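Read off the chains here:
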Amino acid sequence: MNIPLVDLKAQYQSIKSEIDAAMQDVISKTAFIGGPYLASFESGFAEFCGVGHCIGVGNGTDALFIALKTLGVGIGDEVITVANSFIATSEAITQTGAKVVFTDIDPVTYNIDVNQLENKITAKTKAIVPVHLYGQPADMEPIRVLAKMHNLYVVGDAAQAHGAMYHGKPISTLADFTCYSFYPGKNLGAYGDGGAMVTDNPEWAAKARMFANHGRAKKYDHDFEGVNSRLDGLQAAILSAKLNHLDEWTEARRRNAYLYNEFLKNAAVITPKEMEDIRAVYHLYVVRVRDGHREKYQEHLKAAGISTGVHYPISLPYLNAYNYLGHTENDFPEALKASREIVSLPMFAELNAGQIEYIASIIGQFEM
Ligand SMILES: *Cc1c(COP(=O)(O)O)cnc(C)c1O
């Protein structure tokens, strides 16, 4: 049995007629940049996120960058984020001219350790960028309290967390901006690159929209320099078609995660833990194996036709890109440890109980 990490073909097959019709519509109306399909997706996604405004952009990295720029983050500022994420998170911070300040992770949730956050705050700190990694919300309550106390902005990286909830509220309602990626493999994926930021603040929304479109006020009239980062009409129409299915897909991911938990109950791996009163959306299903055994695990699964991944094998502070920060292994011990032990198992809505049982049985066979 061959089981990929994510199966985009199975999803397309299940909604082929809707996607094909949506694409045909956009092409026949040549609504490629801006236009009604983009506007319709933006209002649908804002509503889905529980906030007033959505701005579609070229990708999730740009969404983070533009959100930070809109809030005035730049040279001389510091922005705090988490040691375990994709480089896009820290890249967007650095791109503004600000300095990225990493924080270690909570070893249970793999999200930012909020207990270490206050120590990272200085007079230069301007914003916190929590990442809702693997689809589990970061612990937003203490983050919001600290942000309020120190007058900091909060920009959520929800590239892996479309539809996640924290204490009964959509995560987008708990930050100044929340940024999404529609990279094809994300929980809501386009057929190419795409991204969006959402906010409840109308002034920030207007400014971010201008920034993403060359600082444009009217055609050929520009108030400031921005960038060209737009969500295409084609991608917007595809995303609108898929948004109708997102809740049902998320429920399937959650069901699959609980099936994994059940089937792996007696296996020698640590399964993911959900914090209380949240809705995790399982972009990834990440287990932990003993240090030094990961490669063997992955090979054992591969030999049985099961694809796996590692998100991420090198924590951000230890990437060559951040050598200049001069961090040592003692700075982020939990992120370092996790980066050597985590394995992502196949996770997508169409994955079925039989496949999960098979994966768990293969894992169970692997005795150390
Ligand atoms: C995918 C991802 C991004 C970047 O999104 P792109 O659309 O690929 O630019 C940012 N942060 C995290 C955590 C991601 O997983």
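In case you missed it, the structure is sitting above this.
These remarks concern the structure in this document. (Residues numbered from 1 in each chain as written. Predicted model: local features only at pLDDT ≥ 70, side-chain atom pairs only at ≥ 80, totals over all residues. Heavy atoms only, no water.)

Attention now moves to the packing of aromatic side chains. Two aromatic rings, taken as a pair, are described by how far apart their centres are and by the angle between their planes. What the rule picks out here adds up to 20 aromatic pairs. Between Y110 and Y134, the ring centres sit 5.6 Å apart and the planes meet at 65 degrees, which makes this aromatic pair edge-to-face. Taken together, the positions of Y110 in the loop between strand 3 (99-103) and helix 6 (117-120) and Y134 in the loop between strand 4 (125-129) and helix 7 (140-150) put the pair 24 residues apart, joining distant regions of the chain. Clustering of aromatic rings is evident, with ring pairs tying together F41, F45, F48, Y180 and F182. (Phe/Tyr/Trp six-rings, centres within 6.5 Å; stacked < 30°, edge-to-face > 60°. Helix = DSSP H or I, 4+ residues; strand = E, 2+ residues; numbered from the N terminus.)

Taken in spatial order, the seven strands make up an open sheet running 1-9-8-5-4-2-3, and their pairing is mixed. Two strands bound the open sheet, and with one partner strand each, they are strand 1 (53-57) and strand 3. Going from strand to strand, the sheet's axes swing by 25 degrees on average, the running direction of each strand aside. As paired strands, strand 2 (residues 78-82) and strand 4 are joined by four bridges and run parallel to one another. By the bridge assignment, E78 is partnered in strand 4 with T125. Here helix 4 (residues 60-70) sits on the sheet and contacts strand 1, strand 4, strand 5 (153-157), strand 8 (177-181) and strand 9 (195-199); the angle it forms with strand 8, its principal contact strand, is near 165 degrees. Against the sheet, helix 5 (residues 87-95) makes contact with strand 2, strand 3, strand 4 and strand 5, and its axis sits at roughly 150 degrees relative to strand 3, the strand it touches most. (Pairing = 2+ DSSP bridges. Axes fitted to C-alpha atoms, helices over the stretch in contact; angles between N-to-C directions. Contact = heavy atoms within 4.5 Å.)

Packing of helix 3 (residues 35-49) against helix 9 (residues 233-263) brings their axes to within 8 Å, and their N-to-C directions diverge by 30 degrees. By the criterion of interaxial angle, the relationship of helix 3 to helix 9 is roughly parallel. In this structure, the crossing between helix 3 and helix 9 has a hand that is left-handed. Counted together, Y37, L38, S40, F41, G44, F45 and F48 of helix 3 and G233, A236, A237, L239, S240, L243, L246 and D247 of helix 9 form the full contact between these two elements. Looking at the contact of helix 3 with helix 9, its residues break down into 10 nonpolar, four polar and one charged. (Parallel < 35°, antiparallel > 145°, perpendicular 65-115°, else oblique. Left-handed = near helix turned anticlockwise from the far one by under 90°. Nonpolar A, V, L, I, M, F, W, Y, C, P; charged D, E, K, R; others polar.)

Turning our attention to unusual backbone geometry. The omega torsion across H311 and Y312 is 15 degrees, close enough to zero to call that bond cis. Within the secondary structure layout, Y312 lies in the loop between helix 10 (294-303) and helix 11 (333-341). One non-glycine residue, H167, lies in the positive phi region at around 45 degrees. With respect to the helices and strands, H167 occurs in the loop between strand 6 (165-166) and strand 7 (169-170). According to the relative accessible area criterion, H167 is partly exposed, its value standing at 36%. (Buried < 20%, exposed > 50% of the residue type's maximum accessible area, 1.4 Å probe, protein only.)

Burial analysis of strand 2 places five of its five residues in the buried class, the great majority of the element. Relative to strand 3, strand 2 runs parallel, the two being bridged by five bridges. The residue of strand 3 that forms the bridge with V82 is T103.

What follows deals with the site of the ligand. Every one of the 15 residues lining the ligand counts as a neighbour, but G60, T61, D157, S181 and K186 are closest to it. A distance of 2.7 Å separates a nitrogen atom of the ligand from a polar side-chain atom of D157. The separation between an oxygen atom of the ligand and a polar side-chain atom of Q160 is 2.8 Å. Across the complex, the protein chains shield 92% of the 380 Å² of accessible surface that the ligand would expose by itself. (Near = heavy atom within 4 Å. Polar contact = N/O pair within 3.5 Å; in protein donor to acceptor, adjacent residues only side chain to side chain. Areas by Shrake-Rupley, 256 points an atom, 1.4 Å probe, with all protein chains shown as cover.)

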